[in-house]
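Listed here are the chains, written in short residue letters.
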Amino acid sequence: MGIFADMKMYWRFAWGLRSFLRHTISLEEAKEIVRRRMAEREKNFLRLVERGIFGYPRSPYLPLLKLAGCEMGDIQNMVRSKGLEETLRALRGAGVYITFEEFKGREPIVRQGRVIPVRAHDFDNPYLSHYYQVETGGTTAAGTRVEVDLDHLAALAPIYALADEAHGVLNVPQAVWLGILPASSGVNHILWYAHNGQIPQKWFSPIVSRDIRPAFKYRLATGYIIAAGRLFGASVPRPELVRTDQAAVVARWANKTLESHGSCLITTFVSKAVRVCVAAQEEGMDLTGATFRVGGEASTPAKVAAITRTGAHSYPMYHLTEAGLVGMGCGRPVACNDLHLLKDVVGLIQHSCQVPGTDITVDAFLLTTLLPTAPKIMLNVESDDYGVIETRSCGCPLETYGFTEHLREIHSFRKLTSEGVTLVGSEMVKILEEVLPAKFGGSPLDYQLMEEEDEQGFTRLSLLISPKVQIGDEAAVVETVMEALGRSGVAADLARAHWSQAKTLRVKRMEPIWTARGKLMPLHLARHPERSAGTSKELKIASRNKLTH
Ligand SMILES: [Zn+2]
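Being a predicted model, the structure only gives us computed values, none of them experimental.

Calculation criteria
- Residues numbered from 1 in each chain as written.
- Predicted model: local features only at pLDDT ≥ 70, side-chain atom pairs only at ≥ 80, totals over all residues.
- Heavy atoms only, no water.
- Helix = DSSP H or I, 4+ residues; strand = E, 2+ residues; numbered from the N terminus.
- Contact = heavy atoms within 4.5 Å.
- Core = buried A, V, L, I, M, F, W, Y, C linked by side-chain atoms within 4.5 Å.
- Buried < 20%, exposed > 50% of the residue type's maximum accessible area, 1.4 Å probe, protein only.
- Salt bridge = Lys/Arg side-chain N within 4 Å of Asp/Glu carboxyl O.

1. Details of the environment of Gln281
Line of reasoning, step 1. By the element assignment, Gln281 lies in helix α13 (residues 270–282).
Line of reasoning, step 2. Taking C-alpha positions, Gln281 is 6.7 Å from Thr310, a pair spaced 29 residues apart along the chain.
Line of reasoning, step 3. Leaving out residues up to four positions away in the same chain, Gln281 has contacts with Arg309 and Thr310.

2. Re the nonpolar core
Across soluble globular proteins, nonpolar side chains have a tendency to be buried as a group.
Line of reasoning, step 1. Grouped together as the largest cluster of nonpolar side chains are 98 residues, with contacts concentrated most on Phe45, Tyr61, Leu191, Val326, Met328 and Leu407.
Line of reasoning, step 2. At eleven residues, helix α9 (residues 150–166) tops the list of elements feeding residues into this core.
Line of reasoning, step 3. Once residues lying within four places of it in the same chain are set aside, the contact partners of Tyr61 are Ile53, Ile98, Phe123, Ile377, Met378, Leu379 and Val381.
Line of reasoning, step 4. Counting residues in hydrophobic clusters, the runner-up holds 30 residues, among them Cys277, Leu287, Ala290 and Ile307.

3. Remarks on the pattern of salt bridges
Line of reasoning, step 1. If you walk through the whole model with that rule in mind, you get 21 salt bridges.
Line of reasoning, step 2. Measuring nitrogen to oxygen at the nearest pair gives 2.9 Å for the salt bridge that ties Arg37 to Asp344. On the criterion of sequence distance, the pair formed by Arg37 in helix α2 (residues 27–39) and Asp344 in the loop between β10 (339–341) and β11 (346–354) is long-range, its members being 307 residues apart. Here Arg37 and Asp344 have matching classes, each one buried.
Line of reasoning, step 3. We note a salt bridge from Glu390 to Arg408, for which the minimum N-O separation is 2.8 Å. With Glu390 in strand β13 (residues 381–391) and Arg408 in strand β14 (residues 405–412), the pair connects residues that are 18 residues apart, well separated along the chain.

In structure tokens form, the structure reads like this:
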């Protein structure tokens, strides 16, 4: 599917962008929007269920609700008497949930002996957001939604303003170091800030269009956003190429901005923030006054320490493409990855779930979308993440909106995340179990990918290859992995482009690691050796906190 799937969508986007950029919101308006959503979260949930599920005959949730003997009136009554979270738990108990693999369309839904075929596309939000606002029904199905959805961006923008206020970086000069389309994080952050009336001065991108295939439509879309922004009075910066190994360019911008303004904000992936800080130290720069807003992967103690050594501050965000923003860094954190759960955007409960390929169980996060702009309709959808949820009073401004639940120690168990690029396991598994043995010999048991943090806090991927396999040229193995990634889809191709720059992947000649039961987990996630000493077997897989983009 194209970035602008058809002409109608293209024109809707074009006109929408004009209004989006012209109608910026103030901090007070941002606060009002979030407070209202918090007050109406149960109502928002019921409206989404009524129209997006019961009002949509193809909804994959309908057969589950039918099997559970649950109708709209039952859900209304439950929400009224028990509240939203208890309702979600009751629905989970009655079989109304979707596993990660089902949500991705990789496995059919099987409940009570019934098999319900499902595709990932079936979970798309079938209606445009305004459909949920009008009081009478109708058939205003959106058809195809654009990948850069302005309504959804506008819905999430207020939270960034609130977070910036809590971290003391509202209206400071800012830059983003994020890729261009098809990675949406760069465009999204530029547009979020434009909507809040704070356009970043600089857009550094580690990728340019010639690095990715197919490039033309994405180049066109990026160019359009810049041109339209300028036409409508928003001076959207043009992306400047700053490769992963050129972090010093960003460090120098920060240093210069700190000299003139005393503060600055840089939004990037956490590993790139670490690179900026390492470069700053190498050039003898002090970054006191700089704030990094980071996502993409782990805000681990080693990474946060590398950032704070320069005098800079960082705060994490937790964004899931399908659901929207899930968490935002606390202003008075108790851990390096302490986030406020954004209860106006999602409902979140936990449920015990088995890690594929192991006998380990974790309390997975089950997500429910509450905003009508959500790209997917999610009702108790098992995410790839698990972690700690706790209610705690922190005293930071974010709790005054009712965000009293904190998330921390968020770990992912199916994906590898490095340099801010997430690669769903199954694509990599195919390379490890099929492509490499076919080309270099050995069996699927001889190859394993391990994610670990090196001494500097960078996430590295090690390709473990059994010493039994005779390989003359290890670089050829890395090259084969990169080539195979390039062939297996846009997301994997992006990972390839980032990883090859960062030299993220390295070969280690050792036997792959086996779990207690003897089953091989092709993707083994390990902690830094010193920190994993004496920890439970669970920690072997719980390598990092993950903030997905
Ligand atoms: Zn807080």
